[in-house]
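# Per-entry structural report
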Amino acid sequence: MSYQHYYVNDNAQSTSGDHEVHHTECPFYPFIKKKTYLGYFDGCEDAMEEARKKYPFSADGCSTCSPACHDS
């Protein structure tokens, strides 16, 4: 793994209601208009821990850039 800057999308997904966690190299990252910086982490697990502080029941990893943390 390599360290990445992670963000959580403050706009929930219309289908699942999830607030997805992305890193800055994700192809979807440029399209996120409202986001919260989570930090610089070596993997999505720590980013998810931070995201769940803001969205305890609806944070989920992006299936593209954070598949290890993607649940739904």
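What counts, and at which threshold
- Residues numbered from 1 in each chain as written.
- Predicted model: local features only at pLDDT ≥ 70, side-chain atom pairs only at ≥ 80, totals over all residues.
- Heavy atoms only, no water.
- Helix = DSSP H or I, 4+ residues; strand = E, 2+ residues; numbered from the N terminus.
- Polar contact = N/O pair within 3.5 Å; in protein donor to acceptor, adjacent residues only side chain to side chain.
- Contact = heavy atoms within 4.5 Å.
- Core = buried A, V, L, I, M, F, W, Y, C linked by side-chain atoms within 4.5 Å.
- Buried < 20%, exposed > 50% of the residue type's maximum accessible area, 1.4 Å probe, protein only.
- Salt bridge = Lys/Arg side-chain N within 4 Å of Asp/Glu carboxyl O.

### Some points on the side chain of Asp60
Its location among the elements puts Asp60 in strand β4 (residues 59–61). A polar contact is formed between the side chain of Asp60 and the side chain of His70, at a distance of 3.3 Å. Apart from residues lying up to four places away in sequence, Asp60 is in contact with Asp18, His19, Glu20, Val21, Met48, Cys69, His70, Asp71 and Ser72.

### Remarks on the nonpolar core
In this structure, Tyr6, Val8, Val21, Leu38, Phe41, Cys44, Ala47, Met48, Ala51, Tyr55, Ala59 and Cys69 together form the largest nonpolar core, which totals 12 residues. Taken together, the elements giving at least two residues each to this core come down to β1 (4–9), β3 (35–41) and α1 (44–54). If one sorts the elements of this core by residue count, α1 sits on top with 4 residues. In this structure Val21 touches Tyr6, Tyr7, Val8, Leu38, Ala47, Met48, Ala51, Asp60, Gly61, Cys62, Cys65 and Ser66, once residues within four positions along its chain are discounted. Tyr7, Cys26, Tyr29 and Cys62 belong to the second-largest nonpolar core, a separate cluster that totals 6 residues.

### Some thoughts on the pattern of salt bridges
One pass over the full model with this rule turns up 3 salt bridges. The partner of Lys54 in a salt bridge is Asp10, with the nearest N and O atoms 3.2 Å apart. Of this pair, Lys54 sits in helix α1 while Asp10 is found in the loop between β1 and β2 (19–23), placing the two residues 44 residues apart along the sequence. Residue classification places Lys54 among the partly exposed residues on the basis of a relative accessible area of 42%.

### Some details on the environment of Cys62
As for its placement among the helices and strands, Cys62 is situated in the segment after β4. Every residue in contact with Cys62, bar those within four places of it in the chain, is listed here: Glu20, Val21, His22, Cys26, Phe28, Pro67 and His70.

### Here we look at the environment of His5
Along the chain, His5 falls in strand β1. Taking relative accessible area as the criterion, His5 reaches 34% and is therefore assigned partly exposed. In sequence terms His5 and Gly39 are 34 residues apart; their C-alpha atoms lie 5.7 Å from each other. Ignoring anything within four residues of it in the chain, the contact list for His5 reads His22, His23, Thr24, Tyr37, Gly39 and Tyr40. Side chain to side chain, His5 and Tyr37 meet in a polar contact 2.7 Å long.

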